[in-house]
Amino acid sequence: MALSPIVEAEAKKRRTFAIISHPDAGKTTLTEKLLLFGGAIHLAGEVKAKGERRRARSDWMKIEQQRGISVSTSVMTFDYGGCTFNLLDTPGHEDFSEDTYRTLTAVDSAVMVIDAAKGIEPQTLKLFQVCRMRDVPIMAFINKMDREAKDPIELLDEIASRLALDVAPMNWPIGMGQNFRGVLERESGRLTLLGDASEPEQTIADRRSNSLADRVPAAQLADLDETMELVDGALPHFDVQSYREGHLSPAFFGSALRTFGIRALLDGLVAYAPPPRPQASVDREIEPGEDKVAGFVFKVQANMDPKHRDRVAFVRLCSGRFMRGMKLTMVRHAKQLAVSNPIFFMAGDRELADEAWPGDIIGVPNHGQLRVGDALTEGEPIKFTGIPNFAPEILMRVRLGDPMRAKHLRKALEDLAEEGVTQVFRPMIGADWIVGVVGQLQLDVLKTRLEAEYNLPIDFESAPYVTARWCDADDSRALDAFRTQKKSSLAEDRDGNPVYLARNTWDLNRIQDDFPAIRFTETRERA
Ligand code: G4P
């Protein structure tokens, strides 16, 4: 494979990341401030209007139906410190969808926002685990220091022990809540103080400066010195290798609302966050600096315009220089696609992309040929790995009001499954489709969209299964025998792979004991 110095240089400048957090920790506020520093927006508040922040479920669905907002904010690009940042949005609602997981397959690092008063919350933990599974390095932003918070040492201890990783504070807060004055930068010893709206941060390099004495009470400074001795003895220092391997998280204290600590976080991302990594595929690793374009689809958004069944595939570029008008091969179909109207996502706007580099995300409009997991290349039949389906945690039968429209339902379910709204399974015996989801909200969205976009009113009926496992075996005869014997508990996924539907945990354990030659897996890599 030939490497190109230009592509390598552009790739090194990319920082493609996601923000993971529990709802209300401050992800939207932080996003806004990052975009502000990146010059991508000029007024805070443009990402989402204030009232929309606390979106109730129904609002979210309305927005999901209208399609506009979730699309334009799902990738945000901005420049800072000589780097181009691509921030990928992970949906902020409490229920979990596969979309979130998949988005995390397209990033090189993550920022975890933690509410300083609450510590690690359930959604943060789940998302963290997905990042860890993929060795995605994580920086922590400890938010809301302008409010009463947990004791910082206890908080970092909690993070370290709940996530089983080292946490290295990059700065240390001076006070909290009403008495929050700013932070001490751990390595340089400089103080960055909280200012006002026009100048939110002021740096003071000299501890003897008069202005410091005016702004931070002597007792608080003395306290700080004492605490820092303790911190330096007890908490690890930052180590870039350990961070990149996912063993250590640097922690930045701040307040997104007061625009405090954002610059330090961005500088940290510029200096330490990994640029695009080599991407695993079945035959070889794809280096970002290779001169040929390769990318994979990690998300598909359909029906952006309800009048047309158009779709946009979100493609993460892994190598090469992409140029508008290029003809790329859709590896799964071995067919070419002329990408004449690619979309770049610029904070709220969509623009035509003339060129894009490894780490960048482009939107590729298509008529349904592209699915999650698909590779687009300049001809090489690359099969990317690592974009899994996840075992559903809720399984439901779909009941159609009008049985004459079964064919339409099939098509609609397949369409929506392609987008990753739900998974669909076809039982080997019986006629009702079974949909599988990892969160309840996915079902609500499925029902609403089937009705609104396909005019298919449906109901769900609970299916007597608790989970599903993909089945596979080295010995194809063993698999065939298993299929014949267990037909009544088997279904096929969209690609015709056998899936075992388990009635309960006992059933699942039993089947694994009874059929040792069969592998039962919780995730399946997309073919
Ligand atoms: P999310 O996207 O993670 O769900 O959180 P979002 O940014 O919407 O923030 C949730 C709430 O926390 C908002 O308040 C927001 O203003 C507040 N917040 C975010 N960062 C900080 C911070 O650093 N300090 C303080 N004190 N508050 C912060 P809200 O009452 O829900 O909305 P709003 O009416 O204040 O906008």
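Preceding block: the structure.
So, how was this worked out
- Residues numbered from 1 in each chain as written.
- Predicted model: local features only at pLDDT ≥ 70, side-chain atom pairs only at ≥ 80, totals over all residues.
- Heavy atoms only, no water.
- Helix = DSSP H or I, 4+ residues; strand = E, 2+ residues; numbered from the N terminus.
- Buried < 20%, exposed > 50% of the residue type's maximum accessible area, 1.4 Å probe, protein only.
- Contact = heavy atoms within 4.5 Å.
- Areas by Shrake-Rupley, 256 points an atom, 1.4 Å probe, with all protein chains shown as cover.
- Axes fitted to C-alpha atoms, helices over the stretch in contact; angles between N-to-C directions.
- Parallel < 35°, antiparallel > 145°, perpendicular 65-115°, else oblique.
- Pairing = 2+ DSSP bridges.
- Left-handed = near helix turned anticlockwise from the far one by under 90°.
- Nonpolar A, V, L, I, M, F, W, Y, C, P; charged D, E, K, R; others polar.
- Polar contact = N/O pair within 3.5 Å; in protein donor to acceptor, adjacent residues only side chain to side chain.
- Phe/Tyr/Trp six-rings, centres within 6.5 Å; stacked < 30°, edge-to-face > 60°.
- Core = buried A, V, L, I, M, F, W, Y, C linked by side-chain atoms within 4.5 Å.
- Expected span 1.5 Å × (residues − 1).

### Concerning the overall build of the protein chain
Move 1: If you tally the helices and strands in the protein chain, you get 15 helices and 33 strands.
Move 2: Considering the protein chain as a whole, with its 527 residues, one finds that 55% of them fall into the buried category.
Move 3: Relative to all contacts within the protein chain whose residues are 6 or more apart in sequence, the contacts with residues 24 or more apart total 72%.
Move 4: About 22,900 Å² of surface is accessible on the protein chain, with carbon and sulfur atoms providing 49% of the total.

### Things to note about unusual backbone geometry
Move 1: With a phi close to 50 degrees, Ala334 is a non-glycine residue in the positive phi region.
Move 2: Within the secondary structure, Ala334 is located in the loop between β17 (327–330) and β18 (335–338).
Move 3: A positive phi angle, near 55 degrees, is found at Asn455, a position not held by glycine.
Move 4: Considering the arrangement of structural elements, one finds Asn455 in the loop between α13 (440–454) and β28 (458–462).
Move 5: For Asn455, a relative accessible area of 53% translates into the label exposed.

### Brief notes about the packing of helix α2 (residues 27–37) against helix α11 (residues 262–272)
Move 1: Across the interface, α2 lies against α11 with an axial gap of 10 Å and an inter-helix angle of 70 degrees. If you check the angle between α2 and α11, you find them roughly perpendicular. Across the interface between the two elements, Leu30, Lys33, Leu34 and Phe37 from α2 touch Ile262, Arg263, Leu265 and Leu266 from α11.

### Comments concerning the sheet that holds strand β6 (residues 166–169)
Move 1: A sheet is described by the order of its strands in space; here 7 strands give the open sequence β2-β3-β1-β4-β5-β11-β6, paired in mixed fashion. Two strands bound the open sheet, and with one partner strand each, they are β2 (75–80) and β6. Taking the axes of each pair of neighbouring strands and ignoring which way they run, one obtains an average angle of 30 degrees across the sheet.
Move 2: Looking at chain direction, strand β1 (residues 14–21) and strand β3 (residues 83–88) are connected through 5 bridges and run parallel. Paired with Arg15 across the two strands is Phe85, which belongs to β3.
Move 3: Contacts between helix α7 (residues 152–163) and the sheet are confined to β4 (109–115), β5 (138–143), β6 and β11 (248–253), with β6 contributing the most and set at about 150 degrees to the helix.

### Description of the sheet that holds strand β26 (residues 423–427)
Strand pairs in the sheet, formed through backbone hydrogen bonds, run parallel or antiparallel to each other.
Move 1: What the 8 strands build is an open sheet, ordered β28-β25-β27-β26-β30-β31-β29-β32; its pairing is antiparallel. The sheet terminates laterally at β28 and β32 (519–521), the two strands that pair on one side only. On average, adjacent strands in this sheet sit at an angle of 40 degrees to one another, irrespective of strand direction.
Move 2: Of the pairings in the sheet, the one linking strand β30 (residues 490–492) to strand β31 (residues 498–502) comprises 3 bridges and is antiparallel in character. Following the sheet pairing, Ala491 is matched in β31 by Val499.
Move 3: Packed onto the sheet, α13 meets β25 (394–400), β27 (434–437) and β28 and runs at close to 150 degrees relative to β28.

### Description of the pairing of β2
Move 1: With 5 of 6 residues buried, β2 is to be regarded as a mostly interior element.
Move 2: In the sheet, β2 pairs with β3 via 6 bridges, with the strands oriented antiparallel. Among the inter-strand pairings, Tyr80 is bridged to a residue of β3, identified as Cys83.
Move 3: Between the antiparallel neighbours β2 and β3 lie 2 residues, among them Gly81 with a positive phi of about 55 degrees.

### Remarks on the packing of helix α12 (residues 406–419) against α13
Move 1: Between α12 and α13, the shortest axis-to-axis distance is 11 Å and the interhelical angle comes to 125 degrees. The angle between α12 and α13 falls in the class oblique. As α12 packs across α13, the resulting crossing turns out to be right-handed. Where α12 abuts α13, its residues Leu409, Ala412, Leu413, Asp415, Leu416 and Glu419 lie against Leu446, Arg449, Leu450 and Tyr454.
Move 2: Residues belonging to the contact of α12 with α13 are distributed by class as follows: 7 nonpolar, no polar and 3 charged.

### Brief notes about the side chain of Lys27
Move 1: When you line up the elements, Lys27 lands in helix α2.
Move 2: Side chain to side chain, Lys27 and Asp89 meet in a polar contact 3.2 Å long.

### A word on the packing of aromatic side chains
Remark: the centre distance and the inter-plane angle together describe each pair of aromatic rings, the angle taken between the planes.
Move 1: Within this structure, the stated rule accounts for 13 aromatic pairs.
Move 2: Seen from their ring centres, Phe180 and Phe260 are 5.5 Å apart, and the 85 degrees between their planes marks the pair as edge-to-face. Note that Phe180 is positioned in the loop between β7 (171–174) and β8 (182–185) and Phe260 in the loop between β11 and α11, a separation of 80 residues in sequence. When sorted by exposure, Phe180 lands in the same class as Phe260, which is buried.
Move 3: Measuring from ring centre to ring centre gives 6.3 Å for Phe482 and Tyr500, while their planes differ by 40 degrees; the resulting arrangement is tilted. Linking Phe482 in helix α14 (residues 476–485) with Tyr500 in strand β31, this pair joins segments that are 18 residues apart in sequence. Across the pair, Tyr500 and Phe482 agree in class, each one buried.
Move 4: Feature note: the residues Phe482, Tyr500, Phe515 and Phe520 constitute an aromatic cluster, connected by ring pairs.

### A look at the nonpolar core
Move 1: Among the nonpolar cores identified, the biggest contains 83 residues, and Met112, Ile142, Leu156, Ile159, Phe322 and Phe384 are the most heavily contacted of them.
Move 2: Here this core takes 6 residues from strand β15 (residues 311–319), the largest share from any one element.
Move 3: In this structure, Tyr80, Met170, Phe252 and Ala256 belong to the second largest nonpolar core, which totals 29 residues.

### Brief notes about α2
Move 1: With 9 of 11 residues buried, α2 is to be regarded as a mostly interior element.
Move 2: Among the residues of α2, Lys27, Thr28, Thr29, Leu30, Thr31, Glu32, Lys33, Leu34 and Leu35 are the ones counted as buried.
Move 3: Where α2 is buried, its residues contact β1, β2, β3, β4, β5 and α11.
Move 4: Just past α2, the residue Gly39 takes up positive phi, approximately 75 degrees.

### Description of the side chain of Glu290
Move 1: Tracing the chain through its elements places Glu290 in the loop between β13 (285–286) and β14 (294–302).
Move 2: Glu290 sits in the buried class, given a relative accessible area of 3%.
Move 3: There is a polar contact of 2.9 Å between the side chain of Glu290 and the backbone nitrogen of Glu287.

### Some remarks on α13
Move 1: Relative to the 21 Å expected for 15 residues at 1.5 Å per residue, α13 spans 21 Å between its end C-alpha atoms, a close match to the ideal helical length.
Move 2: Residues of α13 that are buried: Leu441, Gln442, Leu443, Val445, Leu446, Arg449, Leu450, Glu453 and Tyr454.
Move 3: In the stretch just after α13, Asn455 is the one whose phi turns positive, near 55 degrees.

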